[in-house]
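Given next are the chains, with one letter for each unit.
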Amino acid sequence: MNFRNYTEADAERLAGVFTSSVHSLATAEYDARQRDAWAPIPPDLDAWRHRLGQLHTIIAEENGQCLGFLSYEPDGHIELLYTAPDAARKGVASALLEEAARQLSEGFGVTDLYTEASLVAAPFFLRHGFDTIEEQTVSRNGVNFRRFAMQRTL
Ligand SMILES: CC(C)(COP(=O)(O)OP(=O)(O)OC[C@H]1O[C@@H](n2cnc3c(N)ncnc32)[C@H](O)[C@@H]1OP(=O)(O)O)[C@@H](O)C(=O)NCCC(=O)NCCS
């Protein structure tokens, strides 16, 4: 597995990974209506280009295939973390988080990471030393979602 930085040419591929990840890996925790609101099909590529253009994104690849990606903000906010369904539970997200922590610490002097974890991702973040700050309910496209605000000191 190797890492590289996002360029605008990646937007469509990452939107695809995001969409398939939500619709495959989040089925146990979120019903079809929630998944459709979270990850509409087809994805809005203009919105993705805009969103990814404002974030720092690391892509994990192997043999030219995108295994997953992580997007962060320079203050330590982990905004997006999605593994491709075929690559799940193989350490991809763990490797991305470790690389993001390194970049944030060395490049931006960050000492704390924080995120809003889905019910699917919360066990992953707990495993990586994050603490739960609070449970939240947010509305996306008119549908409610439970999630957890979580934080970890580096
Ligand atoms: C959450 C997610 C990013 C984890 O990616 P991953 O590459 O499979 O994670 P890793 O292989 O690095 O997992 C490391 C450890 O985290 C924990 N973990 C990961 N996914 C888990 C799950 N679904 N349930 C329980 N524990 C989990 C396990 O302890 C795992 O170690 P193990 O496989 O040896 O048991 C992935 O499931 C995903 O993309 N989910 C759908 C979208 C989503 O919710 N993204 C996060 C938005 S906040």
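Everything that follows concerns the structure shown earlier in this document.
The sections below set out a description of the structure shown in this document. The structure displayed is predicted, hence computed values, not measured ones.

Thresholds applied
Residues numbered from 1 in each chain as written. Predicted model: local features only at pLDDT ≥ 70, side-chain atom pairs only at ≥ 80, totals over all residues. Heavy atoms only, no water. Helix = DSSP H or I, 4+ residues; strand = E, 2+ residues; numbered from the N terminus. Rg over C-alpha atoms; globule rule 2.2 N^0.38 Å. Buried < 20%, exposed > 50% of the residue type's maximum accessible area, 1.4 Å probe, protein only. Contact = heavy atoms within 4.5 Å. Lys, Arg positive; Asp, Glu negative; His and termini not counted. Charge placed at Lys NZ, Arg CZ, Asp CG, Glu CD. Near = heavy atom within 4 Å. Polar contact = N/O pair within 3.5 Å; in protein donor to acceptor, adjacent residues only side chain to side chain. Areas by Shrake-Rupley, 256 points an atom, 1.4 Å probe, with all protein chains shown as cover. Nonpolar A, V, L, I, M, F, W, Y, C, P; charged D, E, K, R; others polar. Pairing = 2+ DSSP bridges. Right-handed = clockwise from strand over helix to strand, strands pointing away.

Once that is clear, we can look at the overall build of the protein. Within the protein, the secondary structure is distributed over five helices and seven strands. Each helix and strand of the protein, placed in order from N terminus to C terminus, yields the pattern β-α-α-α-β-β-β-α-β-α-β-β. What you see for the protein is a C-alpha radius of gyration of 15 Å, in line with the 15 Å of a compact globule of 154 residues. Judged by the C-alpha coordinates and their principal axes, the protein covers about 40 × 35 × 30 Å. In the protein, which comprises 154 residues, the share counted as buried stands at 45%. In the protein, the share of contacts with a sequence separation of at least 24, taken over all contacts with a separation of at least 6, comes to 61%. Across the protein, 14 positive and 22 negative side-chain charges occur, with their mean positions spaced 5 Å apart.

Near the ligand there are 21 residues, and of these R89, G91, S94, S118 and R127 occur at the shortest range. In this structure, an oxygen atom belonging to the ligand sits 3.0 Å away from a main-chain N or O atom of A93. When the ligand sits alone it has 910 Å² of accessible area, and the protein chains cover 79% of it. When grouped by side-chain class, the residues that make up the shell around the ligand number twelve nonpolar, five polar and four charged.

Along strand β4 (residues 77–83), six of the seven residues are buried, which leaves the element largely enclosed by surrounding structure. Sheet topology places strand β3 (residues 65–72) next to β4; five bridges connect them, and they run antiparallel. From the neighbouring strand, S71 faces β4, where its bridge partner is L80. Bridging between β4 and strand β5 (residues 112–118) involves two bridges; their strand directions are parallel. Paired with H77 across the strands is Y114, a residue of β5. In terms of handedness, the path from β4 via helix α4 (residues 92–108) over to β5 forms a crossover that is right-handed.

Remember that the coordinates give geometry; whether it matters functionally is a separate question.
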